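Overview (structure and organization)
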Amino acid sequence: MELLRLARDLLRLFSKSERTRLAVMIAAMALGAIFEAIGIGLIMPFIAILGDPRLIHDHALLNGIYVWVGARSQDQFLLLIACVLFFVYLAKSLYLGWIALLQGTFIYAKQAALSRHLLHHYLQQAYPFYLARNSAELQRNVVNEVSNIAAGIMLPMLLAISELLVLLFIVGLLLAVDPPVTLVTIGIVGGVATLIQYLMKSVLSRYSSARSHYAAEMIKWVNQAIGSIKETKVLGREAFFVSAFDVNIRGYAKSSRVFSVTSILPRLLIEVLVMGGLLLTVIFFLATGRDLQLALPLLALFGLAAIRVMPSLT
């Protein structure tokens with residue numbers, strides 16, 4: 001719900017034409033997510049053929065392709081499949097790189113427009129407006145806070161949408177291949193990931209606010225000390241300003257340290273969960289009497305999917 005409210009608030013910052021561009025970009029991101037799923041899905045048959053080349057002739061579709069391309073041997077056909085797989089991944093990577101370029105161009109152009117608009121808004125205010133506000137805070141809003149909104153909220157929001165689409169298509173692929181294993185893995189990893197998010201949320205929120213507060217205070221004390229350097233020198237207030245700045249820089253450093261460490265913990269925990277999920281998959285195959293040799297293509301599929309979805313879960 002909070003993400004939906006945040007998305008609604010962010011949309012208010014965009015014009016109608018920008019919202020249209022955003023919708024087109026999301027559609028392009030969905031196509032990229034489909035390419036991601038296709039790339040992962042092709043791994044399973046490739047590993048299966050490598051493990052048992054007889055599948056080329058036993059499987060009607062593969063045999064039809066084998067005849068159509070005029071392959072002279074199984075090895076030649078395997079080499080052809082490997083080349084096709086490579087070019088699929090190359091095309092996918094180029095496309096996703098282009099999407100990343102579109103996202104960065106769109107968001108940072110919006111950052112420049114917001115900073116320009118905010119500065120224009122401040123300059124149109126009457127003089128009492130400045131008397132009631134700290135100039136350091138206004139400077140921070142124009143330069144730092146707009147940058148934080150663009151780099152810390154807008155761009156991550158687009159990336160989150162992209163990763164969510166990738167996650168949905170990959171989960172759909174895994175459900176189509178092996179529903180029981182997929183559902184068990186989703187239940188365990190999803191449940192623990194939700195718990196991690198719930199526990200980390202308050203800590204990140206508190207220290208993020210503290211860091212923002214200390215950053216504004218640091219700018220304020222520096223502006224006051226240097227902006228009135230004559231009075232500072234005449235009154236011998238250097239130590240006072242250094243002390244006031246030191247209190248805030250220490251608070252900023254502490255908040256940044258906690259925020260930084262807490263931010264990477266979910267990724268580390270999710271990596272452990274994903275590896276545990278793969279091990280559970282092996283245990284599931286053993287417990288149900290499946291041949292692990294025959295299950296290798298499926299394990300490869302789940303392993304590659306796990307590597308790809310870890311950024312999405314994080």
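Remember, predicted model here, so these are calculated numbers, not experimental data. (Residues numbered from 1 in each chain as written. Predicted model: local features only at pLDDT ≥ 70, side-chain atom pairs only at ≥ 80, totals over all residues. Heavy atoms only, no water.)

1. A short note on the nonpolar core
- Ranked by size, the top nonpolar core spans 33 residues in total, and within it M29, F106, I107, M154, L158, I170 and L174 carry the most contacts.
- For this core, the secondary structure elements donating two or more residues are α2 (16-41), α6 (74-123), α8 (135-177) and α12 (292-313).
- Of all the elements, α8 adds the most residues to this core, at eleven residues.
- Setting aside anything within four residues of it in sequence, one finds I107 in contact with A150, M154, L155 and L158.
- Formed by seven residues, the second largest nonpolar core is a distinct cluster that contains I49, I56, A71 and L78. (Core = buried A, V, L, I, M, F, W, Y, C linked by side-chain atoms within 4.5 Å. Buried < 20%, exposed > 50% of the residue type's maximum accessible area, 1.4 Å probe, protein only. Helix = DSSP H or I, 4+ residues; strand = E, 2+ residues; numbered from the N terminus. Contact = heavy atoms within 4.5 Å.)

2. What to know about the packing of aromatic side chains
- Within this structure, the stated rule accounts for four aromatic pairs.
- Ring centres of F14 and F106 lie 5.6 Å apart, and the angle between their planes is 10°; on these two criteria the pair is classed as stacked. Residue F14 is found in the loop between α1 (2-11) and α2, and its partner F106 is found in helix α6; the two are separated by 92 residues along the sequence.
- Taking relative accessible area as the criterion, F14 reaches 8% and is therefore assigned buried.
- Ring plane angle 50° and centroid distance 5.8 Å describe the contact between Y95 and W98, whose orientation is recorded as tilted. You can see Y95 and its partner W98 sitting in helix α6, three residues apart, about one turn around the helix. (Phe/Tyr/Trp six-rings, centres within 6.5 Å; stacked < 30°, edge-to-face > 60°.)

3. Some thoughts on the pattern of salt bridges
- Scanning the entire structure with this criterion turns up three salt bridges.
- A salt bridge links E18 to K110, with the nearest nitrogen and oxygen atoms 3.0 Å apart. In this pair, E18 is assigned in helix α2 and K110 in helix α6, connecting sequence segments 92 residues apart. Take E18 and K110: they sit in the same class, and that class is buried.
- Residue D246 is joined to R250 by a salt bridge in which the shortest nitrogen-to-oxygen separation is 2.8 Å. A residue pair is termed a helical-turn pair when its members lie 3 or 4 positions apart in one helix, as D246 and R250 do in helix α11 (residues 238-287) at four residues.
- We classify D246 as partly exposed; its relative accessible area is 30%.
- Since its relative accessible area comes to 58%, R250 is described here as exposed. (Salt bridge = Lys/Arg side-chain N within 4 Å of Asp/Glu carboxyl O.)

4. With respect to the packing of helix α5 (residues 60-69) against α6
- Running from amino to carboxyl end, α5 crosses α6 at an angle of 95°, the nearest separation of the two axes being 11 Å. Taken together, the axes of α5 and α6 lie roughly perpendicular to each other. Every residue of α6 that contacts α5 at L62, I65, Y66 and V69 is listed here: Q74, F77 and L80.
- In terms of residue class, the contact of α5 with α6 is built from six nonpolar, one polar and no charged. (Axes fitted to C-alpha atoms, helices over the stretch in contact; angles between N-to-C directions. Parallel < 35°, antiparallel > 145°, perpendicular 65-115°, else oblique. Nonpolar A, V, L, I, M, F, W, Y, C, P; charged D, E, K, R; others polar.)

5. Description of the confidence of the model for the protein
- Averaged over all residues, the pLDDT of the protein is 78; the fraction at 70 or higher stands at 95%.
- Mean pLDDT across the secondary structure elements of the protein bottoms out at helix α10 (residues 229-235), with 71, and peaks at α2, with 86. (pLDDT = per-residue confidence, 0-100.)

6. What to know about α2
- For α2, built from 26 residues, the straight-helix expectation of 38 Å at 1.5 Å per residue is met to within 8% by its first-to-last C-alpha distance of 38 Å.
- Every buried residue belonging to α2 is among E18, L22, M25, A28, M29, A30, G32, A33, E36, A37, G39 and I40, and all of these are buried. (Expected span 1.5 Å × (residues − 1).)

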